[in-house]
Every structure is written in structure tokens, then in C-alpha cells.
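Remarks on the overall topology
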Amino acid sequence: MWDIHMRILAEAEYIIKTNSTVRACANHFSISKSTVHTVETY
């Protein structure tokens, strides 16, 4: 469970700091856009 919280924080921090899109975040973390959406709505 802790891993998902760290992942959420890392992705959210990246999106906020870089003002990036979900697609750019997904590319940065080498995951799919769907995964970013799923995790960020967790």
C-alpha cells in the first residue's frame, strides 16, 4: 500500500512542477495514460 502512495505523490509532484499533461507524465514514468488516471483518482 505504501508504494502506491509514493507513486501518487511522485506523479502528482511531477505534473505540478512541470505543468505537464497526463500523457507527458505517463511518458516520463514509462506507464500508460490509463495508469496515471487510475492512480491519480485513487
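Before going into details, it helps to say that this report is about the structure given with it. Counting restarts for each chain: residues are numbered from 1 in the order of the written sequence. At least 70 in pLDDT is required for a residue's local features to be given in this predicted model, at least 80 for side-chain atom pairs to be given and counted, and no such filter applies to totals for whole chains, interfaces and linings, which use all residues. Note that the side-chain values use all heavy atoms of the structure and ignore hydrogens as well as water.

1. Some details on the overall build of the protein chain
Counted only if it meets this: Secondary structure is summarised from DSSP: a helix means a run of H or I of at least four residues, a strand means a run of E of at least two, and numbering begins at the N terminus for each. For the exposure calls, accessible area comes from a 1.4 Å probe over protein chains only, and a residue counts as buried if that area is under 20% of its type's maximum, exposed if over 50%, partly exposed in between. By the convention used here, residues are in contact when the closest approach between their heavy atoms is within 4.5 Å. To measure how exposed things are, a 1.4 Å probe is used in the Shrake-Rupley method; for residues, cover is taken only from the protein chains shown. Think of it this way: Lys and Arg go in the positive column, Asp and Glu in the negative one, and His and the chain ends go nowhere. Where a charge sits is defined by one atom per residue type, namely NZ (Lys), CZ (Arg), CG (Asp) or CD (Glu).
For the protein chain, the helix and strand inventory stands at three helices and zero strands. The 42 residues of the protein chain split such that 17% are buried. In the protein chain, the proportion of contacts linking residues at least 24 apart, taken out of those at least 6 apart, comes to 41%. Here the protein chain has roughly 3200 Å² of accessible surface; of this, 59% comes from carbon and sulfur atoms. Computed over 4 positive and 4 negative side-chain charges, the separation of the two mean positions in the protein chain equals 10 Å.

2. Let's talk about the packing of aromatic side chains
Selection rule: Centre distance within 6.5 Å is the pairing criterion for rings of Phe, Tyr and Trp, where only the six-membered ring of Trp is used; planes under 30 degrees apart are then read as stacked, over 60 as edge-to-face, and the remainder as tilted.
Counting across every chain of the model gives one aromatic pair. Taking 5.7 Å as the distance between ring centres and 85 degrees as the angle between the ring planes, the aromatic pair formed by Y14 and F29 counts as edge-to-face. You can see Y14 sitting in helix α1 (residues 2-18) and its partner F29 sitting in helix α2 (residues 22-29), a full 15 residues away along the chain.

3. Notes on unusual backbone geometry
Its identity as a non-glycine residue notwithstanding, N19 has a phi of 55 degrees, on the positive side. In the Ramachandran plot, S30 falls in the positive-phi region, its phi being about 55 degrees despite a non-glycine side chain. Looking at where S30 falls in the secondary structure, it is placed in the loop between α2 and α3 (33-40).

4. A short note on the environment of A10
One can find A10 in helix α1. The class for A10 is partly exposed, based on a relative accessible area of 31%. Between the C-alpha atoms of A10 and T21, which are 11 residues apart in sequence, the distance is 14 Å.

5. Overview of the side chain of E11
Looking at the element boundaries, E11 is found in helix α1. E11 gets classed as buried once you look at its relative accessible area, which sits at 1%. Apart from residues no more than four positions distant in its own chain, E11 is found in contact with C25, F29, I31, V36, V39 and E40.

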